[in-house]
Amino acid sequence: MTVLDDIIVGVKEEMDSRRRLVSIAELKDRVAGAAPARDAWTALGGPSADRGELKVIAEIKRRSPSKGDLAPIADPASLAAQYADGGASVISVLTEQRRFGGSLADLDAVRAAVDVPLLRKDFTVDEYQLWEARAHGADLILLIVAALSDAQLADYSALSHDLGMSVLVETHTEEEVERAAAANARIIGVNVRNLKTLDVDRSVFGSLAGLIPAGAVVVAESGVRTADDVFQYAASGADAILVGEALVSDSTPRERITEFKAAGAAAIAARN
C-alpha cells in the first residue's frame, strides 16, 4: 500500500463519520443559501489576470507525512490574514485530520477572516466532499489524478464547476499530465513530491511543465524553501506556486510571500 492509498483509507473513514452527522441533503441546503464562490481561476492567472506576476497559494498546514509536526497554528485566521496582507492570491487550508492535523473548522475560521479565494486542500474521493467544501466557503478544490479514475476526474470537475468552484488538478507524471489535459483542466499542478517515497525532486517540474497545454495555469507544488527555488520554478514555466512549510515555519510569513513574489516576477520577466 502506498502512502497515498493509506491516506485515502483514513479520508474515507473520516468522511463517513461526518456524513453520519451531516447528510448531503443538508449540505445542499447550505450551499443553496451560500454566497457565490470567489473566482480562483482569475486570481491564479486566468485570461484577465496579470501573467507577469507569480501567484502564491499560501498554505495553512500543521504537519505532513514527510516532515511530521511543522507548526501548531493555534489561530489559522490570524495566519491567513498575514498571508492575504503579503499578497497571497489564494489561501490553501488543509482539512485532512489524521496526517495533516487540519479540519473544516480551520476552513470556517479562515473564510470568516479573509476575502481572497480559498482552496480546500484534501484528498477528494467522493462528491460529498465537494458539497462539503462549497458549504464551508471553499472556492477551489483539489483533484489528485493519481487518486481518481478518468470518470471520477471528469465527474468531480463538472460538479465543482456547477457549484461555482475552480479545480486544481494535481499531477506527478507525464501520463497524469496527459490525463489532466484530456479532462480539460484549466489549473494544473505539478507536485514534485513522490507519492510512494515522499522524496522531493524539483527537476520533475521542469520536465512536466512544458507538457501542460497553453492557456492552463501551471502551479508548482512542493519543494519551495527559498526565493531561489521560486525563481527556478517560475523560470521553468510556473504561473503560481503552492507553498506551506516555508511559510508556517517562518516568523514573518507576510514578508516571505513578498520575497517569493518578487523572485517569481524577476524570473517571469527574464523568460519573456
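Everything below is about the structure printed above this text.
Numbering of residues starts from 1 in every chain and runs along the sequence as written. For a predicted model such as this one, the threshold for reporting local features is a pLDDT of at least 70, and the threshold for listing and counting side-chain atom pairs is 80 or more; totals across whole chains, interfaces and linings nevertheless cover every residue. In computing side-chain values, all of the structure's heavy atoms are included and hydrogens and water are not.

Enquirer: Sorry if this is basic, but what is going on with the layout of surface pockets here?
Expert: It is the rolling of a water-molecule-sized probe over the atoms that shows where space remains empty. Space inside the largest pocket adds up to approximately 670 Å³. The calculated volume of the second largest pocket comes to roughly 290 Å³. Forming the boundary of the second largest pocket are 17 residues, of which His172, Thr173, Asn194, Leu195 and Lys196 lie nearest the centre. Under the convention adopted here, Pro, Cys and the residues Ala, Val, Leu, Ile, Met, Phe, Trp and Tyr are nonpolar, Asp, Glu, Lys and Arg are charged, and Gly plus all remaining residues are polar. Looking at the lining of the second largest pocket residue by residue, the classes come out as 6 nonpolar, 5 polar and 6 charged. A pocket here means an open set of points on a 1 Å grid, computed over the protein atoms alone, that has protein on both sides within 12 Å along at least five of seven lines. A cavity is instead a set of points where a 1.4 Å probe fits but cannot get out; residues with an atom within 4 Å of a point line either one. Grid points are joined across faces, edges and corners, and a volume is the space filled by probe spheres set on the points.

Enquirer: Sorry if this is basic, but what is going on with the side chain of glutamine 129 here?
Expert: Relative to the helices and strands, glutamine 129 resides in helix α6 (residues 127–135). Burial classification: accessible surface area is computed with a 1.4 Å probe over protein chains only, and a residue below 20% of its type maximum counts as buried, one above 50% as exposed, and the rest as partly exposed. Residue classification places glutamine 129 among the buried residues on the basis of a relative accessible area of 2%. Here, residues are in contact when the closest pair of their heavy atoms is within 4.5 Å. Ignoring sequence-local partners within four residues, the contact set of glutamine 129 consists of Val11, Met15, Arg18, Arg120, Asp122, Phe123 and Thr124. Secondary structure is summarised from DSSP: a helix means a run of H or I of at least four residues, a strand means a run of E of at least two, and numbering begins at the N terminus for each.

Enquirer: I keep staring at the packing of helix α10 (residues 227–235) against helix α12 (residues 253–271) and nothing clicks. Help me out?
Expert: When two helices pack together, their arrangement is given by the angle between their axes and by how far apart the axes lie. Note on geometry: axes are C-alpha line fits, over the in-contact stretch for helices, and angles between N-to-C directions span 0 to 180 degrees. Running from amino to carboxyl end, α10 crosses α12 at an angle of 35 degrees, the nearest separation of the two axes being 8 Å. Crossing of α10 over α12 shows right-handed handedness. Taken together, the residues of α12 that come into contact with α10 (itself represented by Ala227, Val230, Phe231, Ala234 and Ala235) are Glu259, Phe260, Ala263, Gly264, Ala266, Ala267, Ile268 and Arg271. Tallied by class, the residues present in the contact of α10 with α12 amount to 10 nonpolar, 1 polar and 2 charged. In this scheme the crossing of two helices becomes right-handed for a clockwise turn of the near helix relative to the far one and left-handed for an anticlockwise turn of less than a right angle.

Enquirer: Looking at this structure, I do not really get unusual backbone geometry. What am I missing?
Expert: For residues besides glycine, phi is generally negative; the peptide bonds are generally trans as well. Unusually for a residue other than glycine, isoleucine 73 sits at a positive phi of about 45 degrees. Within the secondary structure layout, isoleucine 73 lies in the loop between β3 (68–69) and α4 (76–86). Classification of isoleucine 73 as buried rests on a relative accessible area of 10%.

Enquirer: Can you help me understand the pairing of strand β8 (residues 187–191) in this one?
Expert: When a strand is regular, its side chains alternate between the sheet's two faces. Counting buried positions along β8 yields 5 of 5 residues, so the element is predominantly enclosed. Side chains of β8 alternate between two faces, with Ile187, Gly189 and Asn191 and Ile188 and Val190 buried alike. We call two strands paired when DSSP finds no fewer than two bridges between them. Across 5 bridges, the pairing between β8 and strand β9 (residues 217–221) is parallel. Among the inter-strand pairings, isoleucine 188 is bridged to a residue of β9, identified as valine 218.

Enquirer: Help me understand the packing of aromatic side chains in this model?
Expert: Geometry of an aromatic ring pair is reported as the spacing of the ring centres plus the angle between the planes. Stacked, tilted and edge-to-face are the three classes assigned to paired rings of Phe, Tyr and Trp, where Trp is represented by its six-membered ring and a pair needs centres within 6.5 Å; plane angles under 30 degrees give stacked, over 60 edge-to-face, the rest tilted. Throughout the structure, instances matching the rule amount to 2 aromatic pairs. Here the aromatic rings of phenylalanine 100 and phenylalanine 123 are separated by 5.9 Å at their centres, their planes lie at 35 degrees, and the arrangement is tilted. Residue phenylalanine 100 is found in the loop between β4 (90–94) and α5 (104–113), and its partner phenylalanine 123 is found in the loop between β5 (118–121) and α6; the two are separated by 23 residues along the sequence. Both rings, one in phenylalanine 205 and one in tyrosine 233, keep their centres 5.2 Å apart while their planes meet at 70 degrees; by these two values the pair is edge-to-face.

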